[in-house]
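Architecture at a glance
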Amino acid sequence: MSIVFFAIAGLSVAGALAAVTLKSTVHCALALTVAFAGLALLFLELDAQFAGFAQILVYVGAVAILVVFAILLTRGSETPKDGVYSTKWLLGLVTASGIFAVLAWAVLHSTWALPGAGGAPKAAPQVTVMDIGNALMGRYVLPLEIVALLLTSALIGAVIVAMHEKEGAQ
Amino acid sequence: MIEKADQIFVILAHWLVSFLPVGLQPAALVLLAVVAIIVTFPALFAISVLLERKGLGRMQNRYGPNRVGPYGIFQPVADGIKSLTKEDIVPTSADGVVHFLAPVLLVVVVFMGYAVLPMGRNMTLVNLDAGLLFFFAVGASTELSVFMAGWSSRNKYSLLGAMRAVAQMISYEVPLLLSSLAIVMITGSLSLGKIVEAQNHYTWGLPHWYIFTPWGFAGFLLYAVATTAESNRSPFDLPEGESELVAGYFTEYSGFKFALFFLGEYVGMLSISGLGTTLFLGGWSAPLQILGWVPSWCWFFGKVMLSMCVFIWVRGTLPRLRQDQLMNFAWKFVLPLSLINLMVAATWRFLGEGWERWVVCSAILLLAYTLMGRAGMRQGQIGPRSYRYAE
């Protein structure tokens, strides 16, 4: 628990809170991007280079852009007059806290579930990008191929949905 | 002596740091390298702007700037002073915070890419295991700053420019990544240092740069097209098409914020040229074995400036594309070709040494290029332009 960790954690939490509380939808999306970037920095602080860079590449580079594009194209960028808060905020709060509690419990107990982890926590194994690549191309090649197939079909589906129908076509 | 000239900056940095207490030295060394990057590349930016204005002037049969100093060489200084002293106007309807943050984010992100570029022997700020991934990850963040600039200005031209820019950058990021991926496949590493090392061999005094292989040459051309589009340069400068959109996403920026966008664009071009140099042109290695005595950083910066000259030359030569042409070109020509190039690189890897792989790989690439070009020309609607308006 260093100063760096607290700075990054503060940044992520502040971004996430701003994403919920800000009024303008585009501001919310940008605040969410700050939270994504904070998470990426947390991964990097834990020496998980691949996860950190993938987080930046996918979430900051692609998902954030997708979100703001969706907001702009659906005319949601104007701030509604009567606020953006739902009336059922209590229910939302309870659900969020429940999920957080379950996740926190799982994370706090996960070190004991690891094989070979006795009393003293072992030093984390050094995982390089090359190891991840080898694992993806070796042991986990079938899940990778299935994901690739799924993504390809999603891509084709998106193209079909967005395709401009030619006039006179049956 | 040769060794000293090669390592002059490293030696200089260590000498400067040696005055500090030992505990502070590693941090000071990093700080010094960061300061060096932040000083060097804006200086190169000034040189490239002057080069561009003079070069474009000559290409368009005029003089270019020639009033400030001999042959106008102090023009960048005058431009800098002007942009510092100009009034900074923020439109009243603009979103103040986002409007301010957009240029700052752009410049910060663009400078971060330099952290992993090997600028000479032992001259990498951080030699990351996944350096290439880092470069593309921070490069992807520039799209967000472009969007922020366009949206926060509350101006239809800005917003249209930003939408165009983001669409274009996303479309051309795919071939950019795919063309670099061929290099990663052959080298077997994402580390830029290792990629340069892999190219730093000589046969008969000639280098083993990746551009001198069929897939490398095709990859370099695809990479060049994609980078030109990524940095919003002519002929892909639709986002700031001045005849339609005033200046695109930075229409509402003035004074030093405008200068920051300008700086971001050029520093981004320099960094992406640096990456191209590293990937395809052998990084800091010399083009001939007998030229190995020239300091390695000279080669890196020389190659980067040569790429900048090509950027300027292309801008002075080619007319601007239309939006649909731009998108069709990206998705129907550049993307399939870069996928084919990836397969060709794999074929090259598994055919082993010998002349056969040269013939096979060149034949596949030439055939694909010709066939796809023919097919694209045949189905392309060449004729009177049809207009389609938004309902």
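Here the structure is shown first, and the text comes after it.
What this report covers is the structure whose coordinates are included nearby. (Residues numbered from 1 in each chain as written. Chains lettered and ligands numbered in written order. Predicted model: local features only at pLDDT ≥ 70, side-chain atom pairs only at ≥ 80, totals over all residues. Heavy atoms only, no water.)

**Structural notes on the overall build of chain A**
Test applied: Elements are defined by DSSP. Helices are runs of H or I of four residues or more, strands are runs of E of two residues or more, and each kind is numbered from the N terminus. Accessibility here uses a 1.4 Å probe with only protein chains present; expressed as a share of the type maximum, an area under 20% marks a residue as buried, one over 50% as exposed, and anything in between as partly exposed. The contact definition used throughout considers only heavy atoms, calling two residues in contact when any of these lie within 4.5 Å. Under the convention used here, a 1.4 Å probe and the Shrake-Rupley method define accessible areas, while residue burial counts only the protein chains that appear.
Regarding its fold elements, chain A presents six helices and zero strands. Each helix (α) and strand (β) of chain A, taken in turn from the N terminus, gives the series α-α-α-α-α-α. By residue count, 19% of the 170 residues in chain A fall in the buried class. For chain A, long-range pairs separated by at least 24 residues make up 50% of all intrachain contacts whose partners lie at least 6 apart in sequence. Here chain A has roughly 12,600 Å² of accessible surface; of this, 75% comes from carbon and sulfur atoms.

**Overview of the layout of surface pockets**
All names here are of chain B. Our working definition: Only protein atoms enter the calculation, which uses a 1 Å grid: trapped sets of points that fit a 1.4 Å probe without letting it out are cavities, open sets showing protein on both sides within 12 Å along at least five of seven lines are pockets, and any residue with an atom within 4 Å of a point is a lining residue. Grid points are joined across faces, edges and corners, and a volume is the space filled by probe spheres set on the points. When residues are grouped by polarity, Ala, Val, Leu, Ile, Met, Phe, Trp, Tyr, Cys and Pro land in nonpolar, Asp, Glu, Lys and Arg in charged, and all others, Gly among them, in polar.
Computed from the structure, the second largest pocket encloses a volume of approximately 1,100 Å³. Along its surface, the second largest pocket is lined by 37 residues, and Val 49, Asp 79, Phe 258, Phe 262 and Tyr 266 are the ones closest to its centre. Of all elements in the fold, only helix H3 (25–59), helix H4 (75–85) and helix H12 (255–280) reach the threshold of two or more residues within the lining of the second largest pocket. Ranked by residue count, the leading element in the lining of the second largest pocket is H12, at nine residues. Of the residues in the lining of the second largest pocket, the class split is 18 nonpolar, six polar and 13 charged.

**Topic: the nonpolar core**
Residues and elements named next belong to chain B. In plain terms, the rule: What makes a nonpolar core is a set of buried Ala, Val, Leu, Ile, Met, Phe, Trp, Tyr and Cys residues whose side-chain atoms join them at distances within 4.5 Å.
Counting residues in each nonpolar core, the largest one holds 108 residues, and the members touching the most others are Phe 41, Tyr 114, Met 119, Trp 215, Leu 275 and Leu 279. If you tally residues by element for this core, the top one is helix H8 (residues 156–187), at twelve residues. Not counting residues within four places of it along the chain, the set of residues in contact with Leu 279 comprises Leu 132, Ser 180, Ile 183, Leu 192, Ile 195, Gln 199, Tyr 210 and Tyr 223. Counting six residues, the second largest nonpolar core, distinct from the first, contains Phe 333, Val 334, Leu 337 and Ala 368.

**A look at the interface of chain A and chain B**
To keep things clear, this is the line we draw: In this description, buried area is defined as the sum, over both parts, of the accessible area (probe of 1.4 Å) that is lost when the two are combined. Here a salt bridge means any side-chain nitrogen of Lys or Arg lying within 4 Å of a carboxyl oxygen belonging to Asp or Glu. Polar contact is the term for a pair of N or O atoms within 3.5 Å; when the atoms are in protein, one must be able to donate a hydrogen and the other to accept it, and sequence-neighboring residues count only if both atoms are side-chain atoms.
Listed per partner, the contact involves 23 residues of chain A and 24 residues of chain B. A combined buried area of about 2,000 Å² lies between chain A and chain B, and 81% of that area is made up of carbon and sulfur atoms. Our enumeration of links across chain A and chain B arrives at zero salt bridges. At the junction of chain A with chain B, the criterion picks out one residue pair in polar contact (both at pLDDT 80 or more). Listed by contribution, the elements that provide at least two residues to the side of chain A that touches chain B are helix H2 (25–45), helix H3 (49–73) and helix H5 (129–137) of chain A.

**Here's the deal with empty space enclosed by the protein**
Residue and element names in this part refer to chain B. All told, the structure shown has one cavity of 30 Å³ or more when counted by the stated rule. The space that makes up the largest cavity amounts to roughly 380 Å³. Considering the residues around the largest cavity, the lining is formed by 25 residues, among which Val 110, Gly 139, Thr 142, Glu 230 and Gly 268 are closest to the centre. Listing elements by their share of the lining of the largest cavity, those giving two or more residues are helix H5 (96–112), helix H6 (131–140), helix H7 (142–152), H8 and H12. Here the lining of the largest cavity gets six residues from one element, more than from any other, and that element is H12. Broken down by class, the residue content of the lining of the largest cavity amounts to 13 nonpolar, eight polar and four charged.

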